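So the chains spell out like this:
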Amino acid sequence: MATAPEAAQLIALLLKLINAKKTIEIGVFTGYSLLLKIPDDGKASASQFYTTKFDYSYVDLDRDAYEMGFPVIKKANDEHKINFIQSPALSALDELLNDHDNRGSFDFAFIDTDKVSYQKYH
Ligand SMILES: C[S@@+](CC[C@H](N)C(=O)[O-])C[C@H]1O[C@@H](n2cnc3c(N)ncnc32)[C@H](O)[C@@H]1O
């Protein structure tokens, strides 16, 4: 299920207020909430995922739902900015932390995934 519009607007406002440059979203579904997080000058690619300091990464097990929302992402001209990682969240996060440059480097994280694992994501 996608984020409620009013929660999404709050997230977008917070991101603007803190001028977030590096963010991660765990739980993408069709991508509704990811479109809120990318400023006009944002850019990311799969090869940059573990290394850049200016990055917008999105992790989800399910690529099919993301593909369903992809035409809207394309219409917004944001497809080249998105680093979609198809992976279980915990292994993606573990891999991310293997690169010490990533530790403490994210300005914002939106966790919107399996609720029973939330404690493990911190
Ligand atoms: C509530 S939806 C995300 C909604 C999205 N943030 C939005 O606002 O449009 C939850 C998503 O988490 C994904 N998910 C569930 N368990 C996961 C896991 N262990 N690792 C990665 N993704 C997972 C599901 O495939 C689903 O797409």
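Cut-off values and rules
- The residue count restarts for each chain, going from 1 along the sequence in the order it is written.
- Thresholds applied to this predicted model are a pLDDT of at least 70 for local features of residues and 80 or more for the giving and counting of side-chain atom pairs; totals over whole chains, interfaces and linings are not thresholded and use all residues.
- The side-chain numbers reported here are obtained from all heavy atoms of the structure, hydrogens and water having been left aside.
- In summary, the pairing rule links any two rings of Phe, Tyr or Trp, Trp by its six-membered ring, whose centres are within 6.5 Å, and it sorts them by plane angle into stacked for under 30 degrees, edge-to-face for over 60 and tilted for everything else.
- Secondary structure elements follow DSSP: runs of H or I no shorter than four residues count as helices, runs of E no shorter than two count as strands, and numbering proceeds from the N terminus.
- Only protein chains enter the calculation, and the probe is 1.4 Å; a residue is then buried if its accessible area is under 20% of its type maximum, exposed if over 50%, and partly exposed in between.
- Within this scheme, the nonpolar core is defined by two criteria: the residues are buried Ala, Val, Leu, Ile, Met, Phe, Trp, Tyr or Cys, and they are joined through side-chain atoms within 4.5 Å.
- The near set for a molecule or strand comprises every residue that places at least one heavy atom within 4 Å of it.
- We define a polar contact as two N or O atoms separated by no more than 3.5 Å, with the added condition that, inside protein, one atom must be a possible hydrogen donor and the other a possible acceptor, whereas residues neighbouring each other in sequence contribute only through side-chain atom pairs.
- Under the convention used here, a 1.4 Å probe and the Shrake-Rupley method define accessible areas, while residue burial counts only the protein chains that appear.
- Charged means Asp, Glu, Lys or Arg here, nonpolar means Ala, Val, Leu, Ile, Met, Phe, Trp, Tyr, Cys or Pro, and polar covers whatever is left, Gly included.
- Strand pairing is assigned whenever DSSP detects at least two bridges linking the two strands.
- Residue contacts are defined here by distance: any two heavy atoms, one from each residue, within 4.5 Å place the two residues in contact.

Enquirer: Could you give me a rundown of the packing of aromatic side chains, with the residues and numbers involved?
Expert: Under the defined criterion, the tally for this structure stands at 3 aromatic pairs. Judged by centre distance (4.1 Å) and plane angle (10 degrees), the ring pair of Tyr 66 and Phe 84 falls under stacked. One end of the pair, Tyr 66, is in helix α2 (residues 63-75); the other, Phe 84, is in strand β3 (residues 83-86), and 18 residues separate them in sequence. Of the two residues, Tyr 66 and Phe 84, both sit in the buried class.

Enquirer: Could you give an account of the nonpolar core, naming the residues involved and the relevant values?
Expert: Among the nonpolar cores identified, the biggest contains 9 residues, and these are Ile 24, Ile 26, Val 59, Ile 85, Ala 89, Ala 92, Leu 93, Leu 96 and Tyr 121. When contributions to this core are tallied by element, the ones reaching two or more residues are β1 (22-26) and α3 (89-98). Tallying contributions element by element places α3 first for this core, with 4 residues. Counting residues in each nonpolar core, the second largest holds 8 residues, with Leu 34, Tyr 66, Ile 82 and Phe 84 among its members.

Enquirer: If you had to explain the site of the ligand to someone new, which residues and values would you point to?
Expert: As a structural note, the neighbourhood of the ligand is formed by 20 residues, with Thr 3, Gly 27, Asp 60, Ala 89 and Asp 112 the closest of them. Within the contact set of the ligand, a nitrogen atom lies 3.3 Å away from a backbone nitrogen or oxygen of Leu 61. One of the backbone N or O atoms of Ala 89 is found 2.8 Å from a nitrogen atom in the ligand. Contact with the protein chains removes 84% of the 610 Å² of surface that the ligand exposes when unbound. Of the residues in the shell around the ligand, the class split is 10 nonpolar, 5 polar and 5 charged.

Enquirer: Outline the pairing of strand β4 (residues 108-111), listing residues and values.
Expert: Only one face of β4 is buried: it carries Phe 108 and Phe 110, and the other face, with Ala 109 and Ile 111, is open. In terms of strand pairing, β1 meets β4 through 4 bridges, oriented parallel. Considered in β4, the bridge of Glu 25 is made with Phe 110.

Enquirer: Pulling in residues and values, what's your account of the environment of Leu 34?
Expert: Here Leu 34 shows up in the loop between β1 and β2 (55-60). A relative accessible area of 0% places Leu 34 in the buried class. Once the C-alpha coordinates of Leu 34 and Ala 12 are considered, the two residues, 22 residues apart in sequence, prove to be 9.8 Å apart. Those residues within four positions of Leu 34 in sequence are excluded, and the remaining contacts are Glu 25, Val 28, Tyr 58, Tyr 66, Ile 73 and Ile 82.

Enquirer: Give a detailed account of unusual backbone geometry, specifying residues and quantitative values.
Expert: The general pattern is negative phi for most residues beyond glycine and trans for most peptide bonds. The phi angle at Asn 19 is positive, at roughly 50 degrees, despite the residue not being glycine. Structurally, the position occupied by Asn 19 is in the loop between α1 (5-18) and β1. Positive phi outside glycine occurs at Phe 29, with the angle close to 55 degrees. Its place among the elements puts Phe 29 in the loop between β1 and β2.

Treat this as a map of the structure, not an account of what it does.
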